[in-house]
Amino acid sequence: MATLYGIGVGPGDSELLTVKAVRTIEKCQVIVAPCATEDGESIALETVREYIKPGTEVIIKHFPMGKKDRVIKALEAYEFIECRLKEGKDVVFLTIGDPYVYSTYSHMLKHVRDCGFEVQTIPGITSFCAAASLVNKTLVVGDEKLVVMPATKACEITDEKFVIIMKLYKHEEEVLDILEEKGFDYVYASRVGREGEMVSTEREEILQLRDYMSLIIASRN
Ligand SMILES: C[S@@+](CC[C@H](N)C(=O)[O-])C[C@H]1O[C@@H](n2cnc3c(N)ncnc32)[C@H](O)[C@@H]1O
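A brief report on the enclosed structure follows. What you see is a predicted model; the values in this text were computed from it and never measured.

On to the site of the ligand, then. Within the structure, the ligand sits among 26 residues, and Pro11, Gly97, Val101, Ser127 and Val192 are positioned closest to it. Within the residue set of the shell around the ligand, elements represented by two or more residues are α5 (127-135), β8 (185-190) and β10 (214-219). Classifying every residue of the shell around the ligand gives 13 nonpolar, nine polar and four charged. When residues of the shell around the ligand are assigned to domains, at least three map to each of domain 1 (3-122) and domain 2 (127-219).

Next up, the structure:
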């Protein structure tokens, strides 16, 4: 039976993929890559471009940010994938970072599983782990607790000491206000592993940088 492979391609550096991810990309007949914007640029696809064999069918599917559209688009992408799986072709679905961390892959899986297709997921290096390595910052040790959240939930921080704020774009100011008020030190990282990679701990600079591919690692005593 044909298989759907959900592959985490890491933060965007073509050297930060697992060997398993590369081997699977090399052998699959079809590759589906998500893009968040109408222009059709897929960071996940650019990350793996050098590993794609000639003759592989490559398709970019647009997944808009809005919640309502996202479900419809996941269904559309799924219908394409289902069609190829029924032809007996193995399909790769690429995701930035890890497939199970804030990824469109999760929306896709529901449909694939409901129809009884074989699924294999290959993990990837998450953006926040790549960012921690970039800035040489320990995330947690011993019995410390790490909380990963989207920027929209930063207002719910209570007693957490080590937090990762993802999906920061367009929420930079409110997140920095919250972190500063609660006594956090923070480091901002954008485009980790990609061209234009930036790191900053300066509020004004962070507010200038504003990038969709950005996150914050924050900690306090
Ligand atoms: C839809 S989520 C995908 C997360 C991804 N699955 C992961 O494991 O990291 C998109 C968010 O991930 C973060 N992100 C992804 N790649 C990044 C990178 N190269 N540099 C900084 N942040 C990144 C940003 O916070 C962005 O808003």
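This part takes up helix α6 (residues 172-181). Three or more residues of α6 are buried, namely Glu172, Val175, Leu176 and Leu179. Buried residues along α6 cover an arc of 95 degrees about the axis, so they all sit on one side. In α6, those exposed residues whose orientation departs by more than 90 degrees from the buried face are Glu173 and Glu181. Summarising the contacts, the buried residues of α6 are in contact with β7 (162-166), β8, α7 (203-209) and β10.

Across the sheet, which stays open at both edges, the five strands sit in the order β3-β2-β4-β1-β5 with parallel pairing between neighbours. One side of each edge strand has no neighbouring strand; the edge strands of this open sheet are β3 (57-62) and β5 (118-122). Strand-to-strand, the axes of this sheet are offset by a mean angle of 20 degrees, without reference to chain direction. Pairing of strand β1 (residues 3-8) with strand β4 (residues 91-95) involves five bridges; the strand directions are parallel. Within β4, the position partnered with Gly8 by the bridge is Thr95. Packed onto the sheet, helix α1 (residues 19-27) meets β1, β2 (30-35), β4 and β5 and runs at close to 135 degrees relative to β1.

Counting residues in hydrophobic clusters, the biggest one holds 30 residues, and the most contacted among them are Val32, Ile81, Val91, Val92, Phe93 and Leu94. Of all the secondary-structure elements, those providing two or more residues to this core are β1, α1, β2, α2 (43-48), α3 (67-86), β4 and α4 (104-114). Of all the elements, α3 adds the most residues to this core, at five residues. In contact with Ile81, other than residues within four places in its own chain, are Leu4, Val32, Val91, Phe93 and Val112. Within the second largest apolar cluster, 24 residues are counted, among which are Ala130, Val163, Ile165 and Val175.

This part is about the sheet that holds β10. The sheet built from five strands is open, its strands ordered β6-β7-β10-β8-β9 with mixed pairing. Each of the sheet's edge strands pairs with one partner strand only, and the pair in question is β6 (146-150) and β9 (198-200). Across this sheet, the average inter-strand angle for adjacent strands is 15 degrees, counted without regard to direction. Both β8 and β10 contribute to a ladder of six bridges, which runs antiparallel. In the strand pairing of β10, Tyr186 is matched with Ala218. Most of the contacts of α5 go to β10, to which it runs at about 65 degrees, and overall it touches β6, β7, β8, β9 and β10.

What counts and how
Here the residue index of a chain counts from 1 through its sequence in written order. Local features are withheld for residues below a pLDDT of 70 in this predicted model, meaning they are given only at 70 or higher, and side-chain atom pairs are given and counted only at 80 or more; totals for whole chains, interfaces and linings count all residues. By definition, a residue lies near a molecule or strand when the C-beta atom built from its backbone is within 6 Å of it. Secondary structure elements are defined from DSSP: runs of H or I of at least 4 residues count as helices, runs of E of at least 2 residues count as strands, and each element is numbered from the N terminus. The classification used treats Ala, Val, Leu, Ile, Met, Phe, Trp, Tyr, Cys and Pro as nonpolar, Asp, Glu, Lys and Arg as charged, and all other residues, Gly among them, as polar. The start and end points of each domain follow an automatic or database-based domain assignment. Once C-beta atoms are placed from the backbone, each residue is buried if 20 or more other C-beta atoms lie within 10 Å of its own, exposed if 12 or fewer, and partly exposed for counts between those two. The directions considered for the arc are those from the helix axis to the C-beta atoms. Contact definition: two residues whose C-beta atoms, as placed from backbone geometry, lie within 7 Å. Two strands qualify as a pair provided that DSSP identifies no fewer than 2 bridges between them. To define axes, lines are fitted to C-alpha atoms, for helices over the stretch in contact only, and angles between the resulting N-to-C directions are given on a 0 to 180 degree scale. By definition, a nonpolar core groups buried Ala, Val, Leu, Ile, Met, Phe, Trp, Tyr and Cys residues that are joined through C-beta atoms within 7 Å.

Just distances and angles here, no functional claims.
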